[in-house]
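# Close look at the chain arrangement
For reference, the chains in residue letters:
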Amino acid sequence: MASSVEEESLLDLNNEEESQFYHVTCNWVDITNEFFEAITGLELGELLHDELFGLFEAMSAIEMMDPKMDAGMLCNRGNNKPYTFTQAVDSGAIKLDNLTPSEIIGIIDSTYSCIVSWLEGHSLAQTVFTNLYLHQPGQILDKTLKTFCYAVYKIIEIIKDCINKASVFEEEDFQSVTYGYRLQQDITEQKTVSMLREVEEELHRKSRIKPVDDETEREYNDGLALYARIRFTKMFYQTLSLMGRKEQVQQNLADWQRLLSNCIDMIQVMIKTIHRGAKADEISNHPNVMGFDPMVNQRLLPPTFPRYTKIKPRIEALEYLEELLNRFKTVIKITGYSSFHAALDFFLEFSRQSPCILSRSMLQIVYLPTTNRVFGTQNFADVLRDAARNFIAPPSLMPKSTLLQNHQAKEYVDNFLSHCVSIFGSLLQLTGHNRARQRDKLAHLLEEFAALQDEAERVDGYLHTLSLKSDAPRSHLVCFGTWILYHTLRVMVLYLLSGFELELYSVHEYHYIFWYLYEFLYGWLVSAITRADSFLIEQDIHNDAHKGRGGKKSAKNKKKKSASRPYNAEILRYQAMQNICGGYYKALIGFCMDKKIPFPETQFDSERVRYEHRLLPFFSLPTPPPVPYHEFKDMTNNQMHKRNEKVASEMQYLAGCRHFHQARNMLERALSHYPPNSNTVNEINDLLKVSKTNFIVLKLLAGGHKKESKEPPVFDFSCHQHFPLIKLT
């Protein structure tokens, strides 16, 4: 009873408060005139700041009923088109049956345009789901269009899953929100492929009927074009499904190649027959064929500035898909790389081409270390073990090593490699992000490499102590440390060079960037590879000495193996790049001496701050030690002055000329070590062009050409994205 009385009293109190709430009257006051009078005291560009309404609130505010600010208002501005599938059907704006092949071709091509626009970072609501037929595919009576709509749902689903699984996208790359649309989870993959195959066979049977007049010939050609699109949709879906699986990579390799070849054949037919689609010649920022409404999902968007979405034209969308399929053919080549170092080079080269988010994700999925697919029975730690063994041949990793008979030594090595797994896995995954994000992630990765360097040094020291106690001691002081240092230096070089690619550096910053690459990074890199080269040769000699061969034969083999250096080509390439950077550094010093490089005003600039900002990620590394700004200034001043006398700028140009000449000779020698038409050969040819051109330019400058001109030189990155051609204006 007590509880019921309390409930009644609470209800009475709530009713009383509710009645008081509804009887509240608001006294609205029009302040428009006062507002305009108040702002007359503000100058143009001035803002009135209040503690409760600052700049942040002003930028975040939404002006109601303003089409630029309120996304919902765009739906109400004289647009009489139906906004839902049901309204469109009732008004006759769309047909559910008796569609002509031309109309279906137009819908299919426009839908692929929307899919491509979605892959470029726009939302599903503003791209794919502006197709009203996708809202209720079960109510479509036309079998071909209905089957295609179901297939689109499955294609979207598998693309979304693959990109989410690879996890190498940022908000500017891809939007996975489905805005409440169900991606037809109840329809299986087998059912989808079966439906597409049934429609494909039906269209193929119709294509066997030969035309007898112009009208039937037009219908016949439209039917062939529609057949190509359905066949492409089926094989494209099968390709995505097969490549997105977690197992049987090697077994599915032949099926991948067959499906991709057939898809490319069909997409070429689609491009040639694009004029068969309805309204194919009209130019618009959004599909203007039957069934598409750009404003249908406008109210589903968040209350922010609506992102302007321009749907790709059909021909560009189909060409985009053709490029995507060709990138898929490149992706599956990773299955032929068993070495981690070769696979890493493949990832880096693939990333330089700035591929789309889907192809980047597919490469991660096919080779992703955690799935153990490309590696077969090996796990990623074993792959890294083989990589370290092949790079520098540490005694502890060689067959029949006595070091690993020690339980603690084996535990040290296993723990070290397990720590390498996460860091090298992050390095592989990093290459899948867009180029701008990679630079940020490289800086964070250097912090992890700093910790790994310390651990590698401790492991090397412990194993070296054990090796000294063995019967056949071999140095182990810098084996794992050199391997980690090699990858650390490559990350550092990538970080600095990416600044040129992303156009982050001003011309007046080039000299200390190229100086750091020339004096330190490439020099350390060459030293690390040379050390690994010597260790490998030493290992070959050690193996020969324990095979018990005859004197002359053993000496002959020893001489032959010592003559062939395994890293000779790579050493030549990095030495050439070191000389190229040296050439730029000397040339830029000469330009500065001739006052041809414009610098910022001194009151707004500090070279020391800029220098330390550009090289900040390197200061966390123990090896190589960071180079402070004062050391850079001392070395640069020594270049410009010798024995208290100022060196002429022509001497700097001549020194740069010699660097480019040496780089050319080294690149020509390295060229013979690589197979023709490979990516490395193509890059060497680009670097040869850069070296030859800059050699001629600096030789002219060293001879006094345009000495009096104060026009700044032009640095043209069209030939190579990191090393520009120097042009005089």
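Numbering of residues begins from 1 in every chain and follows the order in which that chain's sequence is written. Confidence filtering applies because this is a predicted model: local features only for residues at pLDDT of at least 70, side-chain atom pairs given and counted only at 80 or more, and all residues used for totals across whole chains, interfaces and linings. Excluded from the side-chain calculations are hydrogens and water; all other atoms, namely the structure's heavy atoms, are used.

### Topic: the packing of aromatic side chains
Pairs were defined over the aromatic rings of Phe, Tyr and Trp, the Trp ring being its six-membered one, requiring ring centres within 6.5 Å. Orientation was assigned from the angle between planes: stacked under 30 degrees, edge-to-face over 60, tilted for the rest. Per the counting criterion, the structure on display carries 44 aromatic pairs. Taken together, a centroid distance of 5.7 Å and an interplanar angle of 80° make the contact between Phe 169 and Phe 174 edge-to-face. In this scheme, a residue with accessible area under 20% of its type's maximum is buried, one over 50% is exposed, and one in between is partly exposed, where area comes from a 1.4 Å probe on protein chains only. According to the relative accessible area criterion, Phe 169 is partly exposed, its value standing at 24%. By relative accessible area, which is 2% here, Phe 174 ends up buried. Members of the aromatic cluster, connected to one another through ring pairs, are Phe 500, Tyr 505, Tyr 510, Phe 514, Tyr 584, Phe 591, Tyr 653, Phe 660, Phe 715, Phe 717 and Phe 723.

### Focus: unusual backbone geometry
The residue after Thr 623, namely Pro 624, is reached through a cis peptide bond having omega -5°. Following the sequence through the fold, Pro 624 ends up in the loop between helix 20 (607–614) and helix 21 (629–640). At Asn 98, a residue that is not glycine, the phi angle is positive and equals roughly 60°. Labels follow the DSSP assignment, with helices taken as runs of H or I lasting at least four residues and strands as runs of E lasting at least two, numbered in each case from the N terminus. If you trace the backbone, Asn 98 turns up in the loop between helix 4 (85–91) and helix 5 (101–119). On the basis of relative accessibility, which here comes to 64%, the residue Asn 98 falls in the exposed class. Despite not being glycine, Ser 167 shows a phi value in the positive range, around 55°. For Ser 167, a relative accessible area of 40% puts it in the partly exposed group.

### A few points about the environment of Gln 438
Residue placement: Gln 438 occurs in helix 15 (residues 435–468). By relative accessible area, Gln 438 is classed as buried at 7%. Separated by 87 residues in the primary sequence, Gln 438 and Ser 351 place their C-alpha atoms 9.8 Å from one another.

### A look at the pattern of salt bridges
Salt bridge criterion: a side-chain nitrogen from Lys or Arg within 4 Å of a carboxyl oxygen from Asp or Glu. Applying the stated rule across the entire model yields 29 salt bridges. One salt bridge connects Lys 143 with Glu 198, and the closest N-O pair in it is separated by 2.5 Å. Linking Lys 143 in helix 6 (residues 143–166) with Glu 198 in helix 7 (residues 189–207), this pair joins segments that are 55 residues apart in sequence. Taking relative accessible area as the criterion, Lys 143 reaches 37% and is therefore assigned partly exposed. Salt bridges linked by common partners bring Lys 143, Glu 198, Glu 202 and Lys 206 together as one network.

### Things to note about helix 8 (residues 214–243)
Under the 1.5 Å per step criterion, the end-to-end length of helix 8 is 43 Å for 30 residues, consistent within 8% with the ideal 44 Å. Counting buried residues along helix 8, 21 of its 30 residues qualify, which places the element largely inside the surrounding structure. Take the residue count of a helix, subtract one, and multiply by 1.5 Å to get its expected span.

### Some remarks on the side chain of Gln 652
Turning to its location among the elements, Gln 652 is positioned in helix 22 (residues 649–671). Here a residue-residue contact requires only that any non-hydrogen atoms of the pair lie within 4.5 Å. Apart from residues no more than four positions distant in its own chain, Gln 652 is found in contact with Lys 586, Ile 589, Gly 590, Met 593, Gln 639, Met 640 and Val 647.

### Section: the environment of Ser 91
Assignment of secondary structure puts Ser 91 in helix 4. Identification of polar contacts relies on pairs of N or O atoms within 3.5 Å, with a donor-acceptor requirement for protein atoms, meaning one able to donate a hydrogen and the other able to accept it, and with residues adjacent in sequence counted only if both atoms are side-chain atoms. Within the structure, Ser 91 has its side chain in polar contact with the backbone oxygen of Gln 87 (distance 3.0 Å). For Ser 91, the side chain forms a polar contact with the main-chain oxygen of Ala 88, separated by 3.2 Å.

### Regarding the confidence of the model for the chain
In the predicted model, the chain carries a mean pLDDT of 85, and 84% of its residues have values of at least 70. Considering only residues more than four positions removed or in separate chains, one finds that residues 16–22, a stretch of pLDDT under 50, has zero contacts. Note on residues 370–377: pLDDT under 50 across the span, and 20 contacts to partners over four residues away in sequence or across chains. pLDDT runs from 0 to 100 and stands for how confident the predictor is about each residue.

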